[in-house]
There are 2 protein chains.
Amino acid sequence: MATPIKVGLAGFGNVGSGTYSILKRNHSLITQRAGAPITVKRVAVRNVDRVRKLVDEDVAVSSDWHDLVTDPEINVVVEAIGGIEPARSLILAAIDAGKHVVTANKALLAEHGNEIFKAAEEKGVNVALEAAVAGSIPIVKALREGLAANRVSSIAGIINGTCNFILSTMRDTGRSFDDVLAEAQRLGYAEADPTFDIEGIDSAHKLVLLSSIAFGVPVNMDKVHIEGISRLEAKDIKFAEELGYRIKLLGITKYTDYGIELRVHPALVPMRRLLANVEGAMNAVVVKGDAAESSLYYGKGAGSEPTGSAVVADLIDIARTADANVSERPKMPTTQHNPGAKDFADFGDTVCSYYLRIPVDDRPGVLADLARIIADNNISIESLIQREAPQKEDSTEVILMTHSTIESLMQRAIRTMQQLKSVRGPIVVLRKEELQ
Amino acid sequence: MATPIKVGLAGFGNVGSGTYSILKRNHSLITQRAGAPITVKRVAVRNVDRVRKLVDEDVAVSSDWHDLVTDPEINVVVEAIGGIEPARSLILAAIDAGKHVVTANKALLAEHGNEIFKAAEEKGVNVALEAAVAGSIPIVKALREGLAANRVSSIAGIINGTCNFILSTMRDTGRSFDDVLAEAQRLGYAEADPTFDIEGIDSAHKLVLLSSIAFGVPVNMDKVHIEGISRLEAKDIKFAEELGYRIKLLGITKYTDYGIELRVHPALVPMRRLLANVEGAMNAVVVKGDAAESSLYYGKGAGSEPTGSAVVADLIDIARTADANVSERPKMPTTQHNPGAKDFADFGDTVCSYYLRIPVDDRPGVLADLARIIADNNISIESLIQREAPQKEDSTEVILMTHSTIESLMQRAIRTMQQLKSVRGPIVVLRKEELQ
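Residues numbered from 1 in each chain as written. Chains lettered and ligands numbered in written order. Predicted model: local features only at pLDDT ≥ 70, side-chain atom pairs only at ≥ 80, totals over all residues. Heavy atoms only, no water.

**Structural notes on the relation of the copies chain B and chain A**
Here is the rule we go by: Alignment of copies: least-squares fit on C-alpha atoms of residues with pLDDT of at least 70 in both copies. We call two residues in contact when some of their heavy atoms are within 4.5 Å.
When chain B is fitted to chain A, the residual RMSD is 0.0 Å, and the transformation amounts to a turn of 180° plus an axial shift of 0.0 Å. A rotation of that kind, with that shift, is consistent with a two-fold axis. Considering only C-alpha atoms, the residue of chain B closest to the rotation axis is Tyr297 of chain B, which sits at 2.4 Å. Most of the interface of chain B is mirrored in chain A, where 100% of its interface residues again form contacts.

**Some thoughts on the nonpolar core**
We apply this condition: Side-chain atoms within 4.5 Å link the members of a nonpolar core, which is a set of buried Ala, Val, Leu, Ile, Met, Phe, Trp, Tyr and Cys residues. For every residue, the accessible area obtained with a 1.4 Å probe (protein chains only) is divided by the maximum for its type, and the residue is called buried under 20%, exposed over 50%, and partly exposed between those limits.
Ile139 and Ile166 of chain A together with Ile139 and Ile166 of chain B are the most contacted members of the largest nonpolar core, which has 162 residues in total. Excluding residues within four positions of it along the chain, Ile139 of chain A makes contact with Glu130, Val133, Ala134, Leu210, Val285, Val287 and Tyr297 of chain A.

**Remarks on the interface of chain B and chain A**
Note the threshold: As a working definition, buried area equals the accessible area (1.4 Å probe) given up by two parts on being put together, with both sides summed. Any carboxyl oxygen of Asp or Glu that lies within 4 Å of a side-chain nitrogen of Lys or Arg is treated as forming a salt bridge with it. N or O atoms closer than or at 3.5 Å make up a polar contact, with two conditions inside protein: a donor-capable atom paired with an acceptor-capable one, and, for residues adjacent in sequence, both atoms drawn from side chains. A helix here means a DSSP run of H or I that spans at least four residues, while a strand means a run of E at least two residues long, and both kinds are numbered starting from the N terminus.
Every contact between the two is made by 56 residues of chain B and, on the other side, 56 residues of chain A. A buried area of about 4800 Å², summed over both sides, lies between chain B and chain A, and 47% of it is on carbon and sulfur atoms. For the pair chain B and chain A, the number of links is 10 salt bridges. In this structure, the salt-bridge partner of Arg25 of chain A is Asp290 of chain B, at a minimum N-O distance of 3.1 Å. Our count for the contact surface shared by chain B and chain A stands at 22 residue pairs in polar contact (both at pLDDT 80 or more). Of all the elements in the fold, those that place two or more residues in the side of chain B that touches chain A are helix H1 (14-25), helix H2 (27-34), helix H7 (139-146), helix H8 (161-173), strand E12 (293-300) and helix H13 (304-321) of chain B. If one sorts the elements of the side of chain B that touches chain A by residue count, H13 of chain B sits on top with nine residues.

**What about the pairing of strand E4 (residues 76-79) of chain B?**
When a strand is regular, its side chains alternate between the sheet's two faces. Residue and element names in this part refer to chain B. What counts is decided by this rule: For two strands to count as paired, DSSP must find a minimum of two bridges between them.
Here E4 shows a buried face lined by Val76 and Val78 and a second buried face lined by Val77 and Glu79. Sheet topology note: the strand E1 (residues 5-10)/E4 ladder contains four bridges and is parallel. Each residue of the ladder has a partner; that of Leu9, found in E4, is Val78. As paired elements, E4 and strand E5 (residues 100-103) share four bridges and run parallel to each other. Residue pairing for E5: Val76 is matched across the bridge by His100.

**Remarks on the pattern of salt bridges**
Across all of its chains, the model carries 80 salt bridges over all chains by this definition. Measuring nitrogen to oxygen at the nearest pair gives 3.9 Å for the salt bridge that ties Arg363 of chain A to Asp361 of chain A. When its relative accessible area of 42% is taken as the criterion, Arg363 of chain A is described as partly exposed. With a relative accessible area of 16%, Asp361 of chain A lands in the buried category. Note that Glu433 of chain B is salt-bridged to Lys254 of chain B, the shortest N-O span being 3.1 Å. Of this pair, Glu433 of chain B sits in the segment after strand E17 (428-432) while Lys254 of chain B sits in strand E9 (residues 245-256), and the two are 179 residues apart along the sequence. Judged by relative accessible area, Glu433 of chain B falls into the buried class, the value being 5%. Look at the salt bridges and you will find they share partners, linking Lys141, Glu145, Asp317 and Arg320 of chain A together with Lys141, Glu145, Asp317 and Arg320 of chain B into a network.

**Things to note about the packing of aromatic side chains**
In this description, a pair of aromatic rings is defined by centroid distance and the angle of the planes. Note the following rule: Note on aromatic pairs: the rings of Phe, Tyr and Trp (six-membered ring only in Trp) are paired at centre separations within 6.5 Å, and the planes decide the class, stacked below 30 degrees, edge-to-face beyond 60, tilted for the rest.
As enumerated under the stated definition, the model contains seven aromatic pairs over all chains in all. With a centroid separation of 4.4 Å and an interplanar angle of 40°, the aromatic rings of Phe165 of chain A and Tyr189 of chain A are classed as tilted. One end of the pair, Phe165 of chain A, is in helix H8 (residues 161-173); the other, Tyr189 of chain A, is in the loop between helix H9 (177-187) and helix H10 (195-198), and 24 residues separate them in sequence. For Tyr189 of chain A, a relative accessible area of 40% corresponds to the partly exposed category. For the pair Tyr297 of chain A and Tyr297 of chain B, a centre-to-centre distance of 6.4 Å together with 75° between the ring planes defines the contact as edge-to-face. Of this pair, Tyr297 of chain A sits in strand E12 (residues 293-300) while Tyr297 of chain B sits in strand E12, which puts the two residues in different chains. No difference in accessibility class separates Tyr297 of chain A from Tyr297 of chain B, as the two residues are buried.

**Here we look at the pairing of strand E11 (residues 282-289) of chain A**
Residue and element names in this part refer to chain A. For E11, the tally of buried residues reaches eight of eight residues, placing the bulk of the element in the interior. Looking at chain direction, strand E7 (residues 152-158) and E11 are connected through six bridges and run antiparallel. Residue pairing for E11: Ser154 is matched across the bridge by Lys288. As paired strands, E11 and E12 are joined by eight bridges and run antiparallel to one another. Across the sheet, residue Val287 finds its bridge partner in E12, namely Ser295. What sits between E11 and E12 in their antiparallel hairpin is a turn of three residues.

**Some remarks on the packing of helix H2 (residues 27-34) of chain A against helix H13 (residues 304-321) of chain A**
All names here are of chain A. This is how it is decided: Here, axes are lines fitted to C-alpha atoms. For helices the fit covers the stretch in contact, and angles between N-to-C directions go from 0 to 180 degrees. Here is the rule for angles: anything less than 35 degrees is roughly parallel, anything more than 145 is roughly antiparallel, 65 through 115 is roughly perpendicular, and the remaining ranges are oblique. Just so you know the grouping, Ala, Val, Leu, Ile, Met, Phe, Trp, Tyr, Cys and Pro go in nonpolar, Asp, Glu, Lys and Arg go in charged, and all remaining residues, Gly too, go in polar.
Here H2 crosses H13 at 40°, and the two axes come no closer than 9 Å. On the basis of their axis angle, the class for H2 and H13 is oblique. Seen from H2, the contacting residues are Ile30, Arg33 and Ala34; seen from H13, they are Val312, Ile316, Ala319 and Arg320. Taken together, the residues that form the contact of H2 with H13 break down as five nonpolar, no polar and two charged.

**Brief notes about the UniProt feature "binding site: L-homoserine" (unreviewed entry) in chain A**
In plain terms, the rule: UniProt positions are given in the numbering used here, feature names are shortened, and annotations may be inferred rather than shown by experiment.
Here, UniProt's "binding site: L-homoserine" (unreviewed entry) annotation points to Glu191 of chain A. Glu191 of chain A has contacts with Gln185 and Asp197 of chain A, leaving out every residue within four places of it along the chain.

**So, helix H14 (residues 366-376) of chain B**
Residues and elements named next belong to chain B. Condition: As used here, the arc belongs to the directions running from the helix axis to the C-beta atoms.
Turning to H14, its buried residues are Val366, Leu370, Ile373 and Ile374. The buried residues of H14 all sit within an arc of 100° when viewed along its axis, so they share a single face. In this fold, the buried residues of H14 make contact with strand E13 (351-361), strand E14 (381-387), strand E15 (395-402) and helix H15 (407-418). Once H14 finishes, Asn378 follows within two positions and takes phi at roughly 60°, a positive value.

**Focus: the sheet that holds strand E6 (residues 127-128) of chain A**
Strand-to-strand pairing in sheets goes through backbone hydrogen bonds, with the strands running parallel or antiparallel. Residue and element names in this part refer to chain A. As summarised here, the arrangement of the six strands in space is E3-E2-E1-E4-E5-E6, forming an open sheet in which the pairing is parallel. The sheet is open, and its two edges are formed by strand E3 (60-62) and E6, each paired on a single side. Here strand E5 (residues 100-103) pairs with E6 via two bridges, running parallel. Among the inter-strand pairings, Val101 is bridged to a residue of E6, identified as Val127. Helix-sheet contacts for helix H5 (residues 87-96) involve strand E1 (5-10), strand E4 (76-79), E5 and E6, and the interaxial angle to E4 is about 170°.

**Here's the deal with the environment of Ala156 of chain A**
Residue and element names in this part refer to chain A. The residue Ala156 is located in strand E7 in this model. Put simply, Ala156 and Leu210 are 54 residues apart on the chain and 9.8 Å apart in space, counted from C-alpha to C-alpha. Discounting chain neighbours no more than four positions away, the residues touching Ala156 are Gly251, Ile252, Leu275, Ala284, Val285, Val286 and Leu435.

**A closer look at the domain arrangement of chain A**
Residues and elements named next belong to chain A. Worth spelling out the cut-off: What marks off one domain from the next here is an automatic or database domain assignment.
Here the domain parsing of chain A yields domain 1 (5-136 + 304-328), domain 2 (139-300) and domain 3 (350-432). Domain 1 and domain 2 are separated by 27 Å when their C-alpha centres are compared. Every contact between the two is made by 16 residues of domain 1 and, on the other side, 18 residues of domain 2. Taken together, the connections running from domain 1 to domain 2 amount to one salt bridge.

What follows is the structure, given as structure tokens:
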């Protein structure tokens, strides 16, 4: 028999209210699918008066999250507070009380997941996290179950809607980053302090969770190379477009001979790839496995009900399997790599191909100097294009695309080129992901 | 504890051999994820000698599928024979013997699913069918579990790789259907008798399964309106492109006020939609739910290991949950609609917008006649374009796009237009799917 679920809901903002709405609106459908009813019994929020008016009379509302933990009838706590504290304390207390936990809190799991997953394993309860990665998209389930037959080799995802909205709009309109960011803030797509989004930190949080699930390694934010989109210039988006690429902020994790790569950075993606055509605030994740080959999962990465959809899916799963032995549920790695899993790679070892934009003097010999430095570092050039000189008559820009090489070699070549007298300013470096 | 699985594998063609390869190559990984080992114990095939050389010594190979059913150690039968018989008899016998069944056989399930799902429910065993729809894509799991919180309103999918390869190639090259079909047959993308694929029957098989899962209704092939791609002309692909659309063979099922739509036909999809950019032999399915909104699932829809990936995922799920009560596993509807589910819609009630290509005399008054007939049927015109007259000097072609209307009204208007003396030949009718 399935287990009736009494939910203790912490937080009634975006995710909490979406979860509540879905559970109420689709109650009979959800009961049928879960095999038992799922009901919110208690809500813990800061502003009790506001939420008291928004929920049914039989739902208890209080301002103390401890009430969710001490209520013996509550068997699942949904953490929809966000941030590190008190979310961490609540989750650990709920686990300690033998309750399952459902959370959308990627920042917390990326920073403190090992502690939380270990506590859950010891207590034999679930920490379900579908809502923490890519909102409505059931990518955690796809990785753990749908693709369970596969040795995954790589994941590449557009996992921050704010950045994708900004990049799509920059491309569509030719406007600058600052200008589009301001619009995104007006439209509510970007926060007043957009740092977490635009500097790639939010993407990195989700990426370490995906990597942990796919490769059986503990979460480790220190191992992620993170570059955001705040220094991207409209002209690079335009040049990339002319060369047949779109620029997307990707979270990439690969299982390679030299270890597990973890990196977040803007990347040129060939226009014909589906991932290059993901527009606006949408999310998408490409997974490569040895049997399924390439598959892609696309949907809303944020929003009240899209994220609530993932929370409720986790609740239904728990209702279905709460009575089953915990060994039958997919586990998160905790402090140990799974047997046979590789260590994390050094970023310098990353194999990649590159787009460089190099501001140079417009005079004979400059291209030859650049080409020689590239060759000296054993890098092969795919194309080298001199752009029309913009304002200044004696300067121009060179767009240089390389074949696959090693990050540390590329960086050395860039340092050397940067020292040339004929190089007039900072070289812009972007990576390409062919996603073949 | 998870349950060790001893598989009886029927068939060792494309799907059977892929399943076997994956189980062998990723054995330790699969054991870890399933919580117990999954091993092929017996194979039943027509050509014992061929397969005896391909599998390990400890695997029994025989030509009689009854051996899979009578072996008491076998707890799961994988049916990878295809076709109706003996697949149907094998599956029913396996169920009767209390064994779970995993199958990739969409034709069988679409035609005889109600009988099979009913037998399975009575015996308390699984009939797992991830591999039957869209190969490697875990769409069955997404619908049943990942999106379980949602009231699904529509599904639209490219679920036949052969047709998508042909349509992509026709668009890329401007070549005719017959020409590209011949190439597809040479490349192995199309069978010697391609009828099932190109006439939309294979898509319909998968569509009724998707509809059954999403809406809780029995499978019913008789309710599907089916049009294939064999009469599509290169010029319509070109005209659609000029108007900002790509033509895809879609399987569409919608939950509407007038019942559940089930239809397979070529459709114009706006170019900016991700689904319009699915190229070659790939599959993709768009699902709309009330909470998750729009999501898309993309991957290989066929092939030995991609399909095997789905078979093995089902085996892992069975290993994880075989000990759990059957009520905790998602069920297929059998002969009854789920409570509250609507009946199937009449095709004539379908709400759709249309593309018409009308060969007409090149003389004054013709456009006015067409526009009047459209207006008389309460249909509103979105655009009406007269193409350059091709060969004959006194004839031309009109492309007419409508706003949303009702199929039966459109058909009546077409019949009336077809009777005009100024209409020179059959009117080409295609439907648009905006996928908004």
